[in-house]
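Next come the chains, spelled out residue by residue.
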Amino acid sequence: MKNRYQEMFDEVRASDTLQQEVLRMQNQENGRRTRRRLPVAGLAAAVLAVVLVAGTALAVASPSLRDWFAWEWAERTGGNISENQALLIDSLTQKVEESQAVGDVTVTVDSLTVGGDVLWALVDVEGLDFNADALYSFDQTDIEILPDPSGGAPGVMAYSIGSIGLTEDGAVRMLLEFSCNFRNNVQLERGGYTLHLSMQDLTLVRVKREDKIIYDGIWTFSIPLTVESFSTVITIDNVVLHDRTEPDIRHGENGEVEYDGVLEKDVTLTDIQLSSTGLSFLADSSVTLTVEAILSDGTEVLSSSGGGVTLEDGSMYCTNQWPVPLDVEDIVALRIGGTEIPVPQASE
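Quick summary incoming for the structure in this document. Small disclaimer: the values here were computed from a predicted structure and weren't measured.

Description of the overall build of the chain
- When helices and strands are tallied, the chain shows four helices and 20 strands.
- Nonlocal contacts in the chain, meaning residues at least 24 apart in sequence, comprise 68% of its contacts between residues at least 6 apart.

What to know about helix H3 (residues 65–77)
- If you check H3, its first and last C-alpha atoms are 18 Å apart, about what 13 residues at 1.5 Å a residue would give, namely 18 Å.
- Of the positions making up H3, those classed as buried are Leu65, Trp68, Phe69, Glu72 and Trp73. One side of H3 holds all its buried residues, which, seen down the axis, span an arc of 130 degrees.
- Count one or two residues on from H3 and you reach Gly78, which has phi positive near 80 degrees.

Description of the nonpolar core
- Leu269, Leu274, Leu279, Phe281, Leu334 and Ile336 are the most contacted members of the largest nonpolar core, which totals 40 residues.
- What Phe281 contacts, discounting residues up to four positions off in sequence, is Leu269, Thr270, Asp271, Ile272, Leu289, Val291, Met316, Tyr317, Cys318 and Asn320.
- Grouped together as the second largest cluster of nonpolar side chains are 36 residues, Val125, Met157, Leu176 and Trp219 included.

Notes on the pattern of salt bridges
- For the structure shown, the criterion picks out eight salt bridges.
- Two residues, Arg66 and Asp90, come together in a salt bridge whose shortest N-O distance is 2.2 Å. In this pair, Arg66 sits in helix H3 while Asp90 sits in helix H4 (residues 83–91), placing the two residues 24 residues apart along the sequence.
- Notably, a salt bridge pairs Arg335 with Glu292, separated by 3.4 Å at the nearest N-O pair. In this pair, Arg335 sits in strand S19 (residues 331–336) while Glu292 sits in strand S15 (residues 291–295), placing the two residues 43 residues apart along the sequence.
- When its relative accessible area of 17% is taken as the criterion, Glu292 is described as buried.
- A single network of salt bridges, built from pairs that share partners, joins Lys95, Asp110, Asp124 and Arg173.

What about the sheet that holds strand S4 (residues 136–146)?
- Strand order in this open sheet of three strands is S4-S7-S8, and the pairing throughout is antiparallel. Strand pairing shows two members of the sheet lacking a second neighbour, S4 and strand S8 (212–225), which therefore form its edges. Taking each pair of neighbouring strands and ignoring which way they run, the sheet shows an average axis angle of 10 degrees.
- As paired elements, S4 and strand S7 (residues 193–204) share ten bridges and run antiparallel to each other. Note that in S7 the partner of Ile143 across the bridge is Leu197.

With respect to the side chain of Ser111
- Considering the arrangement of structural elements, one finds Ser111 in strand S2 (residues 105–114).
- One polar contact links Ser111 to Asp110, side chain to side chain, over a distance of 2.9 Å.
- Among residues more than four places away in sequence, those in contact with Ser111 are Leu65, Thr93, Gln94, Lys95, Val96, Trp120, Ala121 and Leu122.

Digging into the pairing of strand S17 (residues 305–310)
- For S17 and strand S18 (residues 316–321), the ladder comprises six bridges, and the chain directions are antiparallel. Note that in S18 the partner of Thr310 across the bridge is Met316.
- Hairpin remark: S17 followed by S18, antiparallel, with five residues in the connecting loop; positive phi at Gly314, about 90 degrees.

Analysis parameters
- Within any chain, residue numbers begin from 1 and follow the written order of that chain's sequence.
- It should be noted that, the model being predicted, local features are given only for residues of pLDDT at least 70 and side-chain atom pairs only at 80 or more, the latter also being counted only at that level, while totals for whole chains, interfaces and linings use all residues.
- As a rule here, side-chain values cover all heavy atoms of the structure and leave hydrogens and water aside.
- Under the scheme used here, helices are H or I runs from DSSP no shorter than 4 residues and strands are E runs no shorter than 2 residues, and both carry numbers assigned from the N terminus.
- The contact rule is simple, with two residues in contact once any of their heavy atoms fall within 4.5 Å.
- In this scheme, a helix's expected span is set at 1.5 Å multiplied by one less than its residue total.
- Buried, partly exposed and exposed residues are distinguished by accessible area as a fraction of the type maximum, computed with a 1.4 Å probe on protein chains only: under 20%, between the cut-offs, and over 50%, respectively.
- Our arc is simply the arc of the directions from the helix axis toward the C-beta atoms.
- Nonpolar cores were defined as sets of buried Ala, Val, Leu, Ile, Met, Phe, Trp, Tyr and Cys residues, with membership established by side-chain atoms within 4.5 Å.
- By salt bridge we mean one thing: a side-chain nitrogen of Lys or Arg within 4 Å of a carboxyl oxygen of Asp or Glu.
- Only strands joined by at least two bridges in the DSSP assignment are considered to pair.
- Between N-to-C directions, angles cover 0 to 180 degrees, with each direction set by a line fitted to C-alpha atoms, over the stretch in contact for helices.
- Think of a polar contact as two N or O atoms within 3.5 Å of one another; within protein, one of them needs to be a possible hydrogen donor and the other a possible acceptor, and neighboring residues in sequence only count if both atoms come from side chains.

Here you go:
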């Protein structure tokens, strides 16, 4: 069965507020797959200050995936990625270099970094005179993973794609980020999956006005995910947390403000799995919990994306992805919903 991953933060880097709004909508999805695209127009005010402008994000010409992760890490933590992190990123990264030309425009999938339920890809576009101060994307992007990683289970899927700079040859370099949430312990980095990617109509992104298609075409790729990860996965004992859900404010039919009051409850988390690219767990009821990793040097890393799917028995399966692959052995604790949980070492 095909999975069309259509949920986007479009061509922007979403603020924490926006990510929480998406997570809230995901939590409302009861036992079915989510296919959702968030329109840029309705989010312009929220994301205007965090638009990723091509040519200013990275100082490195023709940035590699390791360069991207190093930049992202510095932006989030103010520090440099460790040697072990760099080695881990390399072990999860495969060179692709597959190209397809449509008319004057050639699109190349340069490389992939593949984690358990997340992947990042560098995509180059050449053939036009691109502006280093502009932002580019595609009007439509379809992603399909085969065999179907969901196994027919409900889940949520998300992706974003947008330019991060120009290469030395003047091509636009884009970053594609994809994540999924399925209740069957998907491990994309173990090999055996194929990424089917279709990108249609090259687009100039304009935040305050409608995006402009600058070149018509469809570029398609079929790429085996051949990377096999040897990164550690740590299982953490069950924990009980106190969850406090803030009021959900909305407007009624007559314009009056309605809201659900603050909800406080204890939540039991089981099947807690920590990996280099994220964290997953099963909660015994619907929750909205922030997730952070605490490293040995005190650095705190907030997950960059995440979501949950409500199962038939009312429990919720949740996954969260780290913004950069982490050395699991350097994670000493997790903070879930404000509660700090020690992480046992793999040898313990």
